[in-house]
Amino acid sequence: MAKSAAHRDTAVVVEVGWVNGLGAIRALGRRGVRVLAVDHRPYAIGFKSRYANRVLAPEPVADEEGFVRAMAELGATLDGPTPVFATHDEHLNALARNQAELPPALRLACPDWATLERIQRKRHQLDQAIACGVPVPETRHPRSAGEALAATRELGFPVLLKPSDPIMFKRAFRRQLFHCDTPEQVEAAYAHMEGSEPMLQEFVPGGDEGLYTLGSYIARDGEPLGVFCGRKLRQTRENMGSCRVGESVWVERVVSDGLRLLNALGFYGVSQVEFKLDPRSGEYKLMEVNPRLWQWHGLSGACGVDLTHIAFLDLVGRRPAPARMTREGRRWAITFMSGTRNGFQRPPYVDAVFALDDPAPALAQASRIVQKGLRTPVPQWFRKSRYVT
């Protein structure tokens, strides 16, 4: 790659195939930051953005060495400090694990690999939460299908089986967990994840609207420079999946418990801590910690605390004053997705794909939905408008 011209305001967004990458591109590009968007797919939706400068690189699970080499070559073209925002764990882990191979110009929005590796293990997250007094679901760590069944009899149905290390599991099964209602389902699920350090948890009752998020950027010295709070109203799949519709709402317990847990984990950078409200006890119980940008982080900017830009400023040496969310009741949605009813909200709301100042990603998405619909006997994507309440 040819040496680029000096450009102080530059950032890298890695993995831009969907709305989390697109949201980061727009958050930075709209503030005049040059965004180098990295993905292995030429058709990645983030590449369609007017704010993106396209960079093709290998996919890290298939070719970690090639991915790191491509990132090192990209970094060698940069003259000043350049924050790097990874939107998926595979890319984040590969960068953190190989940080010694990267030029110092590239600045990751996460802690060192020794710390991050522990945080990526779900069991470590739960152990630290218990140690610092953050509520968690009743959890067991069975070492056989028999132990899993015995634990299920103790907890009662339904139960969830989750892998402690979810990356390869999610790629294999296209889900984060198994929801089990019968002993047969427990046995089958355990067989699928036997090598993934399975955890068996009680199912905290309630729907998607009970899932609350602390989103934050924490500086290296431990000070929270940006704090957002919200809840999901709808997920892409019931009881699992990622956010389809989200809303900003401030819940002090979610914020305080989440920040306390991040401190106990030794985390700094951008993250999401997700809880679920247990209607039986009124407790907000830890679901997971995502030590990176999450799918609906784009709502934070509409609520007065743009976490991506706050992190950018800190990482380039222009530390901003601490900020907290200033607007509640704002919504974010992926309005259209193949195979599901639409996600229209009462305007104004943040659409994850469509934007007047950046229309090309929405046009690309619409084209893909139409093509998939034409291959389906009954186009399920075409549903009557419905507001989510």
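Above this text is the structure in question.
Here goes a summary of the coordinates provided.

Basis of the calculations
Residues numbered from 1 in each chain as written. Predicted model: local features only at pLDDT ≥ 70, side-chain atom pairs only at ≥ 80, totals over all residues. Heavy atoms only, no water. Pairing = 2+ DSSP bridges. Helix = DSSP H or I, 4+ residues; strand = E, 2+ residues; numbered from the N terminus. Axes fitted to C-alpha atoms, helices over the stretch in contact; angles between N-to-C directions. Contact = heavy atoms within 4.5 Å. Core = buried A, V, L, I, M, F, W, Y, C linked by side-chain atoms within 4.5 Å. Buried < 20%, exposed > 50% of the residue type's maximum accessible area, 1.4 Å probe, protein only. Phe/Tyr/Trp six-rings, centres within 6.5 Å; stacked < 30°, edge-to-face > 60°. Lys NZ or Arg CZ within 6 Å of the ring centre and 35° of its normal. Salt bridge = Lys/Arg side-chain N within 4 Å of Asp/Glu carboxyl O.

### A closer look at the sheet that holds strand E4 (residues 82-86)
- The five strands are arranged E3-E2-E1-E4-E5 in an open sheet whose pairing can be described as parallel. Looking at which strands have only one partner, the edges of the open sheet turn out to be strand E3 (52-56) and strand E5 (106-108). Strand-to-strand, the axes of this sheet are offset by a mean angle of 30°, without reference to chain direction.
- Across five bridges, strand E2 (residues 34-39) lies against E3 in parallel orientation. Paired with Leu36 across the strands is Asn53, a residue of E3.
- Of the strands in this sheet, strand E1 (10-14), E2, E3 and E4 are in contact with helix H1 (residues 19-29), which crosses E1 at around 170°.
- Here helix H2 (residues 64-76) sits on the sheet in contact with E1, E2, E3, E4 and E5, set at roughly 170° to E1.

### A short note on the nonpolar core
- One finds Ile25, Leu28, Phe85, Phe228, Phe312 and Trp332 to be the most contacted residues of the largest nonpolar core, which totals 43 residues.
- Of all elements in the fold, only E1, H1, E2, strand E11 (224-237) and helix H10 (307-315) reach the threshold of two or more residues within this core.
- If you tally residues by element for this core, the top one is H10, at six residues.
- Not counting chain neighbours up to four residues away, the residues in contact with Phe312 comprise Asp9, Thr10, Ala11, Leu28, Val33, Pro83, Phe85 and Arg318.

### Thoughts on the sheet that holds strand E7 (residues 159-163)
- What the four strands build is an open sheet, ordered E6-E9-E7-E8; its pairing is antiparallel. Strands with a single pairing partner mark the edges of an open sheet, and in this sheet they are strand E6 (139-140) and strand E8 (178-180).
- Two elements, E7 and E8, share three bridges in a ladder whose sense is antiparallel. Bridge pairing in E8 places Leu160 opposite His179.
- Across the sheet, helix H5 (residues 122-131) touches E6, E7 and strand E9 (198-202), and the angle it forms with E9 is around 50°.

### A look at the packing of aromatic side chains
- Evaluated as defined, the whole model comprises four aromatic pairs.
- Centroid distance Phe228 to Trp296: 5.9 Å. Interplanar angle 80°. Geometry classified as edge-to-face. On the criterion of sequence distance, the pair formed by Phe228 in strand E11 and Trp296 in the loop between strand E14 (284-290) and H10 is long-range, its members being 68 residues apart.
- Accessibility expressed as a relative area gives 1% for Trp296, which makes it buried.
- An aromatic cluster is defined as three or more aromatic residues linked by ring pairs; in this entry it consists of Phe228, Trp294 and Trp296.
- Here the basic side chain of Arg54 rests over the ring of Phe47, its NZ or CZ set 5.6 Å away from the ring centre.
- Across the ring face of Trp113, the terminal group of Arg97 is positioned such that the distance to the ring centre comes to 4.9 Å.

### Focus on the pattern of salt bridges
- Going through the model one piece at a time under the given rule, you end up with 25 salt bridges.
- Between Glu288 and Lys122 there is a salt bridge whose closest N-O contact spans 3.2 Å. Here Glu288, found in strand E14, pairs with Lys122, found in helix H5; they are 166 residues apart in sequence, far enough to count as distant.
- Owing to a relative accessible area of 23%, Glu288 belongs among the partly exposed residues under this scheme.
- In this structure, Glu274 engages Lys232 in a salt bridge whose closest nitrogen and oxygen atoms are separated by 3.0 Å. Remark: Lys232 occurs in strand E11 and Glu274 occurs in strand E13 (residues 269-277); sequence separation between them is 42 residues. One exposure class covers both Glu274 and Lys232, and it is buried.
- A network of salt bridges, in which partner residues are shared, links Glu202, Asp278, Arg280 and Lys285.

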